[in-house]
Each structure stands twice: as structure tokens, then as C-alpha cells.
Number of protein chains: 2
Amino acid sequence: MDATAQIDLSFMIPIAILAGLGFAAILTRDILRRDTGSDRMREIAGAIQQGARAFLRRQYKTIALIAAALAILFAVALGAQKGLLVGSETAGAFALGATFSALSGYIGMHIAIRSNVRSAAGSLKSFNDALVIALRGGAVSGLSIVSMSLAGVALLYYGYGALGSAVNPTTLNDCITAGYTVALCTAKATEDSLILSIVGFGFGASLVALFAQLGGGIYTKAADVGADLVGKVEAGIPEDDPRNPAVVADLVGDNVGDCAGRGADLFESTAAENIGAMVLGVVLFPFFGIAGVIFPLVARSFGLVASIVGVFVVRAREDEAPMSALNRGYIIASVLAAILFGVAAWAMLQPSSPTASGSLTWAYYWVCGIAGMVTAVVYVWVTQYYTEARYRPVRDIAKASETGPATNIISGFAVGLEATAIPAVVVSIAILFSFWLGESTGIPGGGIYGTAIATMGMLATAAYILAMDTFGPIVDNGAGIIEMAGMSEAARKNMDKLDAAGNTTKALTKGYAVGSAALAAFLLFNAFLSEARVKAVDLAHPETFIGGFMGAALVFLFTAFAIRAVGRAAWSIIKDVRDQFRENPGIMAGTVKPDYGRTVDICTRSALREMVIPGILAVATPLAVGLLFRFVKITYVLDPVTLQLSPLPAGEPLGATLMVGTIVGVLMALVLNTGGGAWDNAKKFIEAGNLGGKGSATHKAAVVGDTVGDPFKDTAGPSLHILVKLLSTITLVIAPLLIP
Amino acid sequence: MDATAQIDLSFMIPIAILAGLGFAAILTRDILRRDTGSDRMREIAGAIQQGARAFLRRQYKTIALIAAALAILFAVALGAQKGLLVGSETAGAFALGATFSALSGYIGMHIAIRSNVRSAAGSLKSFNDALVIALRGGAVSGLSIVSMSLAGVALLYYGYGALGSAVNPTTLNDCITAGYTVALCTAKATEDSLILSIVGFGFGASLVALFAQLGGGIYTKAADVGADLVGKVEAGIPEDDPRNPAVVADLVGDNVGDCAGRGADLFESTAAENIGAMVLGVVLFPFFGIAGVIFPLVARSFGLVASIVGVFVVRAREDEAPMSALNRGYIIASVLAAILFGVAAWAMLQPSSPTASGSLTWAYYWVCGIAGMVTAVVYVWVTQYYTEARYRPVRDIAKASETGPATNIISGFAVGLEATAIPAVVVSIAILFSFWLGESTGIPGGGIYGTAIATMGMLATAAYILAMDTFGPIVDNGAGIIEMAGMSEAARKNMDKLDAAGNTTKALTKGYAVGSAALAAFLLFNAFLSEARVKAVDLAHPETFIGGFMGAALVFLFTAFAIRAVGRAAWSIIKDVRDQFRENPGIMAGTVKPDYGRTVDICTRSALREMVIPGILAVATPLAVGLLFRFVKITYVLDPVTLQLSPLPAGEPLGATLMVGTIVGVLMALVLNTGGGAWDNAKKFIEAGNLGGKGSATHKAAVVGDTVGDPFKDTAGPSLHILVKLLSTITLVIAPLLIP
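We now turn to the structure provided with this report. (Residues numbered from 1 in each chain as written. Chains lettered and ligands numbered in written order. Predicted model: local features only at pLDDT ≥ 70, side-chain atom pairs only at ≥ 80, totals over all residues. Heavy atoms only, no water.)

### A few points about the relation of the copies chain A and chain B
Alright, step 1. Once chain A is rotated about the relating axis by 180° and shifted along it by 0.0 Å, it coincides with chain B to within an RMSD of 0.0 Å. Read as a symmetry element, the transformation amounts to a two-fold axis.
Alright, step 2. Of the interface residues in chain A, 100% have counterparts in chain B that sit at the interface too, so the contact is made through matching surfaces. (Least-squares fit on C-alpha atoms with pLDDT ≥ 70 in both. Contact = heavy atoms within 4.5 Å.)

### Observations concerning the environment of Ile465 of chain B
Residue and element names in this part refer to chain B.
Alright, step 1. Looking at the secondary structure, you find Ile465 in helix H17 (residues 462–484).
Alright, step 2. Overall, the relative accessible area of 3% leaves Ile465 in the buried class.
Alright, step 3. The spatial distance from the C-alpha of Ile465 to the C-alpha of Thr505 is 8.4 Å, given a sequence separation of 40 residues. (Helix = DSSP H or I, 4+ residues; strand = E, 2+ residues; numbered from the N terminus. Buried < 20%, exposed > 50% of the residue type's maximum accessible area, 1.4 Å probe, protein only.)

### Points about the pattern of salt bridges
Alright, step 1. Applying the stated criterion across every chain, the model contains 69 salt bridges over all chains.
Alright, step 2. Across the pair Lys506 of chain A and Asp258 of chain A runs a salt bridge whose closest N-O atoms are separated by 3.1 Å. Remark: Asp258 of chain A occurs in helix H8 (residues 247–281) and Lys506 of chain A occurs in helix H18 (residues 489–531); sequence separation between them is 248 residues. Summarising the burial analysis for this pair, Lys506 of chain A and Asp258 of chain A share the class buried.
Alright, step 3. Where Lys575 of chain B meets Asp579 of chain B, a salt bridge forms, and the shortest distance between an N and an O atom there is 3.9 Å. Within this pair, Lys575 of chain B and its partner Asp579 of chain B are both found in helix H19 (residues 542–583), separated by four residues, close to a single helical turn.
Alright, step 4. By relative accessible area, which is 47% here, Lys575 of chain B ends up partly exposed.
Alright, step 5. One network of salt bridges, with partners in common, ties together Lys221, Asp224, Lys510, Asp680, Lys684, Asp710, Lys713 and Asp714 of chain A. (Salt bridge = Lys/Arg side-chain N within 4 Å of Asp/Glu carboxyl O.)

### Re the packing of H8 of chain A against helix H10 (residues 291–313) of chain A
All names here are of chain A.
Alright, step 1. For the pair H8 and H10, the least separation of the axes is 7 Å and the interaxial angle reads 155°. What the angle tells us is that H8 and H10 run roughly antiparallel. The element H8 and its partner H10 pack so that their crossing is right-handed. Together, Thr270, Glu273, Asn274, Ala277, Met278 and Gly281 of H8 and Gly292, Val293, Pro296, Leu297 and Arg300 of H10 make up the contact between the two elements.
Alright, step 2. For the contact of H8 with H10, a count of residues per class yields five nonpolar, four polar and two charged. (Axes fitted to C-alpha atoms, helices over the stretch in contact; angles between N-to-C directions. Parallel < 35°, antiparallel > 145°, perpendicular 65-115°, else oblique. Left-handed = near helix turned anticlockwise from the far one by under 90°. Nonpolar A, V, L, I, M, F, W, Y, C, P; charged D, E, K, R; others polar.)

### Regarding the interface of chain A and chain B
Alright, step 1. On the side of chain B, 72 residues touch chain A, which itself brings 72 residues to the contact.
Alright, step 2. Taking both partners together, chain A and chain B bury about 6500 Å²; carbon and sulfur atoms supply 85% of that area.
Alright, step 3. On the chain A side of the interface with chain B, the three residues burying the most area are Phe545, Phe549 and Phe556 of chain A, jointly 11% of the side's total.
Alright, step 4. Counting the contacts that link chain A with chain B gives two salt bridges.
Alright, step 5. Between Arg564 of chain A and Glu418 of chain B there is a salt bridge; the shortest N-O distance is 2.3 Å. (Buried area = accessible area lost by both parts, 1.4 Å probe.)

### Regarding the packing of helix H14 (residues 405–418) of chain B against helix H23 (residues 697–734) of chain B
All names here are of chain B.
Alright, step 1. Interaxial distance between H14 and H23 falls to 8 Å at its minimum, and their mutual angle equals 45°. Between H14 and H23, the interaxial angle falls into the category oblique. In this structure, H14 crosses over H23, and the sense of that crossing is right-handed. In this structure, H14 contributes Pro405, Asn408 and Ile409 to the contact, and H23 contributes Ala701, Ala702, Val704, Gly705 and Val708.
Alright, step 2. Taken together, the residues that form the contact of H14 with H23 break down as six nonpolar, two polar and no charged.

Below, the structure written as C-alpha cells:
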């Protein structure tokens, strides 16, 4: 089974990994030798660094405990079922995924807390300096995270033995001809242990990502809401005023929530997508040989190269809007990625057996990849439409604020709900179109591979997107440092312009992250069906319907817990700041420095305490559904081939939990992210001098919406992306345990 | 196929209908001859009556146009597919359902706008008088609506020919033995036209209910929010102050939204449930003969009798909490219904062929019915826990109001989200338990019949629940009339106590309505699968997954539209009231009466305009999904019996739209209803003198939450119940059109 016309491009994988890490190192050196501004700026930056490091250290300790407990649990359970070797291999892969995910978060934060002060110092000189430093700081985390994701999956693939060679093509063909689903046949024709290892890696990554995003998200918003309520509202001092003891905690929050959290999130996305696509590539073995399995890694490598180019071409003219400079880089990266994607497809996806699509097979899949890229663009566009003050939705919210906070809230919530419609339709079209195109190749299982390639296309420029995303908290911090250090008006104006752009990029990345989670989830469903030996996920069975019901309810309850956690943690900060003001009146007078560290410490402890319950809920619900229906048997189903009745497999209700949970999780994340972003910008629109401007009653009403939106868009929403992906990986890991 | 041991209790059906209507007439006479209070009170009541009638007249005109257009459309489409007779029969049944549903809404409102002033006049004499008049006013609508629902379904059943006799038992048995699903076999063994007629009736009922609830819900909350914002907030005058031109519109709203809307809603629920249960009863023909089909009607008849008794025993002691008097009646009605349910099961569900459960078969199903009743009780209890100030959730919201409106909103939203978990688990247990019990009888298809009977149990006391529900707007209106007419402090105190109880009963009924919608939906799924000739609803097929995605997105978008509609309609009222204050300064001085009619008129026009888009969306989405996949064919599936591949039936993606839409719709309705109720009562808790009491900053923050909750709990939430049921009936009606 060799594919003579193919060109093996797998040498690109190490090249891209090294290039990614190498450029990240070069950028880091470049950033570190930049000016760090005044003593006061260094002092503030030092406090932020100290707080962020302390948080991450303690957070990782907590996560390590939970992860170790789960690793042992799964290793024992899998070991009992599949033998000790498989159990320990899976546990090893789990540990690797968890470690890499934690490392991703750490790198993102590590460079961000150094770039912030340097970007601020750059703004003292020129706007372009500030922009370039911040974007390159973001790029360090983008490049190194995507490189690590690639390295991790490649390591598993080559380390644990080649996945493709474990496939038995005869078994596969016989199975498909007998009428079973493609997913089921792949499983039958492949050795379990390999897939399990890869899946264990994904589970480790998403488990750490969930806790990192939850803990960081709770921290950042508790600090933000707490600092605002007690500073702006109660004490009447401006944002980022050095007299507010919570102000450093607020700046720390941007790093641990947005950088560390999102880093772990996108590490997980790219890893999970790679895994899903490679598992599905196995099914194309009779046509593409091992190339179908390696193609996802090669495509990712090319995407990484394209992102590197994108990062290096960005330069801003002094009078240019920062978003237009960032968008220029994005467009270049995307076009380059599209071309390289075509090259990779042409080189590797040449079928060795005849197909309906003949010698154009590679082009079919190339178009699938481009469909994914278009989906990414549409998601970014829709997010902009619903969250930027130029368009109707945000203006409606601002207008509704004229009649008070209640109408502001109603209007913003309606915008969030409305913003689900177009993304839902777009992702549906992307799935259907790429599936149809893949099916049109005439290759059995080619449809779902088409969807896999669309997902790859969507994630091709992940490194650049991540760079734009991390850019956000860096300039946010930079603006805070400039403000606290009382620097010049010109520097402040430079940083404020970048800060506004940072808010936009953060919103766009979230849209992108949700969209890719939805697409990637559909892939992982198929991997799950294959692992769990499930023939269908038929909602007409009562168990399956209930499994779906539980998946949807999980999303609602998880959201409730995540939102409430912010409220509770914020409360502890408010209490501490009030205490500090009371204990030491010199703070408000400006004669005594507040104890920033004490507030940071309290915030750390509450955020870590509050992240445990929602995290456990996310892990326990699929486990509970799976185990319940492993033992409770009500419905009996007919095997289509043997025509015998057998009890409903436990994987079926669990599959519904996964799928309905994904649908609802994606939509709810869209509501929360978009609603939160729209409230934020409605407030900013009014602050820009519209509808009465800052200080008016309309502005006060808009501030309420902004505060409500904070835990929506920065805690619950981003955590839901990861919940969706965690559902995929945890169901995959427990799937073998459900087969009697 | 006769069942010798059975006792035919079908004679109970006309008896119960006549008893229900007869007692409703007696109560109406009793209410109408009561005192109507002072001239001022009569004048206000007259204005409310006029406004409510004008609204309903215009609303029904709009609905009639839409319904007629749809009736013709479906008749033509069905006629082309199934022949002219079937088409016109279905259209006729549709018209009947629509008419009865409209009539239900009309009766509810008609009696409520007469009972309000009489209950108010009763409060001048004694607390008990006010309570009994209001409850009996509610009972008129409860009894007549449930009687009409029973009469409508019975009319169809006996008028169009006996459903059971259309079943071919041999075909049924052969089909089941061959391994097809029960639902599919029922369809194969039954004549289409009969089921289609019954389904057409349900579709007509739910279509009218949706528009009635949407229009009424938008009206009531637009008037409420508008009156509050412009009166309490802007002009600083108290609620129900006669100087506020929107105050009559607000009182009219209670009648057209809560009475007319909920009346149509529960008419539809009971009718749809009867229909679903009867269709499923067909499958038990070999065991129970026609009794399995008639049993749902008989059980409903007994429930109606139990409710009549419950209404007549309620008497309040002068010092008693009104809720405890109402609960006493509910308990009596429930216990009696449980006993009568057992009698009906024992008499009618005696199998003529041997079953696994033997002579205890009836008891198995009786327990299913009791499980449904328990579910109702748990729903009511959970609603109380989350919405009453005695418990943690509402107190948390009140406490969160201390830090301002933003934390009040966050906390209330979290409560709403959290409140989905227990109901989701409870309804899941109810479905599984009753299905398992039904399966344990050993009768093929007995499982789903068990779920049907659980639903019957849940809806057994619907008439009493509806009486409690309509009680709410009557006393709300009564309290408003007393306030506007400036009556004595004692009367005001009596009515305020009842008003508070009315808020509770309204919240409870909503919980009950959601729960029964979820249970009933599961029945109707099975009817749909049978009608659409669909073997499975397998989310692993891309089309089906996308169908599910669209169902969930529909719920989000519908909610957005419903909420926004309230905002827009409220805006038009605010504008009018401001204009009136400006045009005529004598209004605020109290020397000139405002033009109440003008505001009522404006509110009517905006509410009717705003209800069209969400209504059309609800109808168009399932149609679009069905028709899309009627023509777009991507996935091919294997027939389990013939082993041939055929394109995925269009009913499968549509089934996912229905099922996932139902899951998400039920959960979203719970969020909106519970969140809204909790915000309302947190405000009331503060007004009762806690945490600073009325006028404090905490109270102002709580008022924001209350205002946000208004469109949630009285417009979007209740409309979602009906959306869920409409999805079931519309998919059933279009199912035959999707079979090539």
C-alpha cells in the first residue's frame, strides 16, 4: 500500500517546530533588551510579576493535585480493563499533555509580564515601538504554544510507534463493506492503545486548560469587579489609581486570566484538533497510506510558518489605527497559509487507489481547508459586528442605557442571544459543505475527513491569532503602568489607543476560539463513536435523550457556578480594600502606599477555592452519565448486521451528553462573550462623549452592563470553550471503560 | 380482540365535560351577582374591560389571518401529497384547534376582568370573600378550558371515526417481530388521516397559543416596564397612581398576558398530551384493545372531577396565609386525582393477552401516573425554593443588591441558571422510571406508554393549577383597583396579601407548565418518529447534528426577539406618557384625568406588531430545516431489515431540531422564569424592610433586577413553553410532506 505519486513533507514538522521555538527565542531576546522605563514603572511591573508568579505557582500546585488524582484513577481503571501497559501509557500521555498545557500557560504569562512594562516604556518614544513590542510579546507565546502543541502530538505519534502501521486495511475494508459505520470500522481496524495514548494527551491538556482558565478567569474578574466597585463606585477614585489596594491585583489578573488561560485554551484546541484529524486519517489508509495520518501535522507546520511571516511584517505608521496594522499581518498570514495548505494537500493527498474525484482529490480537500479559513473570517466579522460601536447592536445598548440600567441589561442580553444565530448557521454550513465535498471524493470516510481538514484550515493561523490575543493583556497592563506611574500625556494617549485595540483583539479571539471549538468537536464526536463502539446516538432512546438533557443542563449549571464564583471572590476583595482604607486613612490621602500584596494574596486564595467546584462538575457529569448507563439497562437495540437485540451501549447516552452539551456550550459561550463585549463597548461609546458622555446617568447605566458583562466574557464564556473540549476528551478517555 | 375483564369508563368523558362546564357556569353566576364596589371602582374596572376586549379583538384578527394562511398552505400541501380529503380534514381539525384555543384565552380573560373588581369589593368586607371570589374566577377559566380541551379531542376522536379500529393488529405484530421500532410499526399499522387530523388540532391550538402568549406577554410587560420607568423612576409617583396614563394599560396587561396567554397555553398542553398519549395507546391495541386509546381521555375526566372538588373546598380563615388555603385545595385535588387515576387504570388497563406483569399491569401504570404527580410536586417545590424569600437564593440576590445593580443582576442570573439542574434531573428520572416501569410490563411499546401515563398524572390537576394561576392576575388587578380608587387601608391590606400570594401561584404554575411541556414533548417525539417514518435521530450524522444545532439556536434567537420586543413596545409607551405629561400639565397636578385609552391603544398596536417576527421565526425554522434536508442528501443510511442504503430521511434532522430545541427551550424557560421570579421577590424582600428597606440604594439596585426579570418571566419564558410544544405539533404536521 504505497502511494507513489506522493511527496513526503513530514520533514517540515521538525523544521516548523524549531523555527517556531527559534523565532520565539529571538523575539524574547529582542524584548528583554528593551528599555523598562522609569523606576516607578519598574516597581509597579515588579509587583505585577510577583503577584502573577505567586498565583500561577499556587494554582499549578492545586491543579497538579487534581490531575495526579485523576491520572491514577484512569490508569488503574484502564489498566484493569486493558492491561497494565495501556493504562500506564495512557497515564504517561495524560501527564505529558497536562505538563505541556501548564507550560503553555506559564510561557504566555512569563513573557507578558515582561513585555507590559517594555511596551509602556516604548510608548514614551513612539506609538510604533509600543505596538511592535506588545505584538512580539504576544507572538512569543503564540509561536511557542503552537510549536509545543505540534511537538507534543508528534512526539506521541513517533514515540509510541507509527499509528498508521497499526491499521489492518483488510479488516477495515471488510468491515465497511459489511455495512458498519466508518467510525466503528476504524476502531476495529486499529490498535486501541495508540489512540488511547493520543487521547490521554488531549485529556491532560484540556483538564489543565479548564482549571487554568477557570482559576485565572475568576481571579481576573474578581479583581476587576472588586477594584471597580470599591474604588470607582465607593471611594470615587479613577481606574488604575495607585491609592486603590486592588489595582495591582487587577493588573495581575489580566496576565493570569487572559494570557495563561487563553494560552492553555488554544494549546488544547490545536492539540485536540490534530488528534481528531489524525484518528480520522486512519480511515483513509487504503487511499493515502500513512500520509492521511501525517497530513494534519504537516498542515499545522505550514500554518506555523505562515504565522511567523505574519508577525514579522507588522509595522504601524505613526498615525495608523492599530487594528489596521494588526489586520494587515493577519491577512498576510492567512493568504500564505492558504497557499501552503494547497501545496501540502497537493503533495500528500494523492490517492493510490482510484477515487471518484481522481487526480483532483487533493483540490477537494484544499477547498475544505479554505472553507475553514473563511469560517474563521466570518466569525471574526460577526464578532466585530456585534461588539463594535460602529454597528447597530452596541449603539442600541448605548441608547437603551438612556432609560436606565435595566433597559441596558435587557438590551445587552438580547444582543448576546441574537449573536448566536449567524455563527450557528455558518458553522453548520462549514460542517455540511466540507463533509459533502469530502464525500464527493468517493472515499469511504472521506466526508468526515473533509470536516477535519476544514477545522485545520480554521486553526491554520492559530499562532498569529494567539499573538493578537496576548497583545491585549500586555497593552492593558502597559496602559495601567503608565497611569499608575503618572507618565506623560502623549504616552498615555499611545497606550490608550493600543488598549482599545487590545479589547477588540481579545473579543475576536474569543469568537475564533468558540468557532474552532465547535468545528473540532464534531471531529472528536466521530473519534468518540469509534472508541466507544457506538453505532448511533439516537435521541429517540430515553437514555440517550436524558444524556442529552444532562449535557445541556451541565452547561447551564457550570455557567451559574463560574459566574457566582466571580461574585464571591470579588466580595472578598471588596472586604479587604475596605479594611485597608479603614485601618490606614493615609492610603486615601496618598501619603501611605496600600498593601498591594495582601489583596493579591486574598484574591489568589479565593479564586483557587472557587475554581474547584465548577471544575469537578465538568469532570464528574460525563463520568456519572457514563457509569449510570453502564449499569442501568432499559432499552434494547438491534444490531444491523447480526440482527440480534442487545442492551443500549453506555456510550450512546454519553455521546448525547457530549453532543448536546457541545451545541449548548458553544451557543452559551457566544451569548456570554458577545453580550459582555457589547456592554463593554457600549460603555466606551458613551465615554467617548456620546449620549451625555462620562459621568452622565446614561453612562452610569452603561457601567452596570459593563460590570455584568465582565464575568460573562472573561470567566464563564472562555471556560465554556474549554468545557466543550474537555467533554470531548474525557468521554474519549472513559469510552473503553464503558464497554462491558 | 376484546378485553373481557375491562370495564368501559368512557361514559365518564361526557359527564366530566358537562360537570366542568356546568360548575364553571354556576361559578360565573355566583361571581356576577356579587357586589362591584364603589362607582370609582366600577369606572376603573370598566376601563380595564374595554382595553382588554379591544386588545383581544385586534389580536385575534391578526392571529386569524396568520392561522388562515397557514391552514390553506398545509391543506394544499397535504392535499397534493395525501389526497384532497386528508388535506381538508386536517385543515378542519386545525381550524377547530385554533378556535378552541382562542376561545380558551377569551374565556379566561372574560371572567378575569369581571372577577377583579368583585374580588376588590369583597376585600372591603372580608379577606375570605376576596380570596374565594378570586379563586372561583380562576376556577371558571380552569374548568372551562380543561373541559374544552377534553371535548375537542373527544369530538375529533368520535367524529372522525374510532382511532383504534383503524389499527391492523396483524401488521403491527409482524412489524415489531421483524425488528422495527414500535413507533414506526404503529404508523405502518394505522391509518394516516386519523392521526393527521388529531395532530392538526394540536397544531392549531399551539399556533394560537404561541401568538396569544407572545402578544399578551409583550403587551403586559411593555405596559408594566413602561409605566414603571416613566411613572416611578421619571415622575416619582407610586405604582398604580391614577395620574400615570399607563396605569390602565398595565392592569389590562395582566389580563391579556397572564389570563388569555396562560389559558391558551394550558389548553394546548392538555390537548397535546391527550393526543400524544392516544397515538401511543394505539400500539397497545393487542393488549388493551380500544381501552388503551380511550384511557387518556378517561383519566383526564377523573382529574377534572378531582379539580372541581378541590376548588369547592377552599375556604380561608381570616388570619390564614392565603397560600396555605390554596395549597389545601391543591392537596385534596391531588390525592383525589391519584385515587381516581388508580380506579381508572384498574378498570381499563386489564390486558386481554398474557403480559409479564400479569394482573398487576394496571398497577404498574398507576405508579407511572403517580410518578408524574410527584414530578409536579417536586417542580412546584423547586420553584418555591428558588423564588421565595424564605430560602437562600432570593436572599443571596437581595444581599448582592447591597453592592449595586450589577451584582444584583449577576447574582439573579446565576440563580436562574442554577435552577435548571434539579428540574432537569427530576424530569429525567420521571421519564426513565416510567419508561422502565412500562417496559417491565413486557408489552412491546409499553415503556413509552408508561411515560405517557406519567405525563397524564402530571397534568391530572391541570384545572386546579390553572385556577390558582388565573387567581394571580385577578387579585393583582383587584389590588390595583383598590389603590386607584383610594379605598380603605384594611381593604388595601387584604388585597396586598392576596397579591403576594398571586405572585407565588403565577411562579408555581410556570414551573408546572415547563415540567409538563418537557414530559409531554417526549411523548410527541415518538409520535413524530412514527409519522415521519424515521428510524433514529442519530446526532452522529452531520445533517442531524446540524438540525439539533438549529433547534438550539432557534431557542436563543426566539428569546432575543421576545425580550427585545418588550423593550421596543415599552419605549412607545414611555414616549406617549411623556407626551401626555407635556401636553397637559394638569395630569401631574391631579386636576385632569389622563387619556388612559390612548396609551392602551398604542400599547396594543406595538405589542401586535412585535409578536409577528418571533412567531414567524418559530414556524419557519422547522419548516426550513425539514425542506432543506428533503432536497439536500449527503448521508446514506442502512435499512436494518432490507440491508440497503438509502438517503437520510428529512425527518431525521428535523427530529433533532425538535428534540434539542425542546431540551434547550425547557432549560432556557426555567432560567428566565426562575431568574425573573427570584429578582421580583428579592425586591419585595427588601421592600418588606430588610437590608435598608424601600427607598434605600439597595432597594434601587433590586428594582433594576425586577425590571430586567419582567420580560424574562412574563414574556420570553412562558412563550418558550409554547414554542417547545409548537415544535412538536408543527413537525408532526409537516412530517408527511417530508416523505418523498
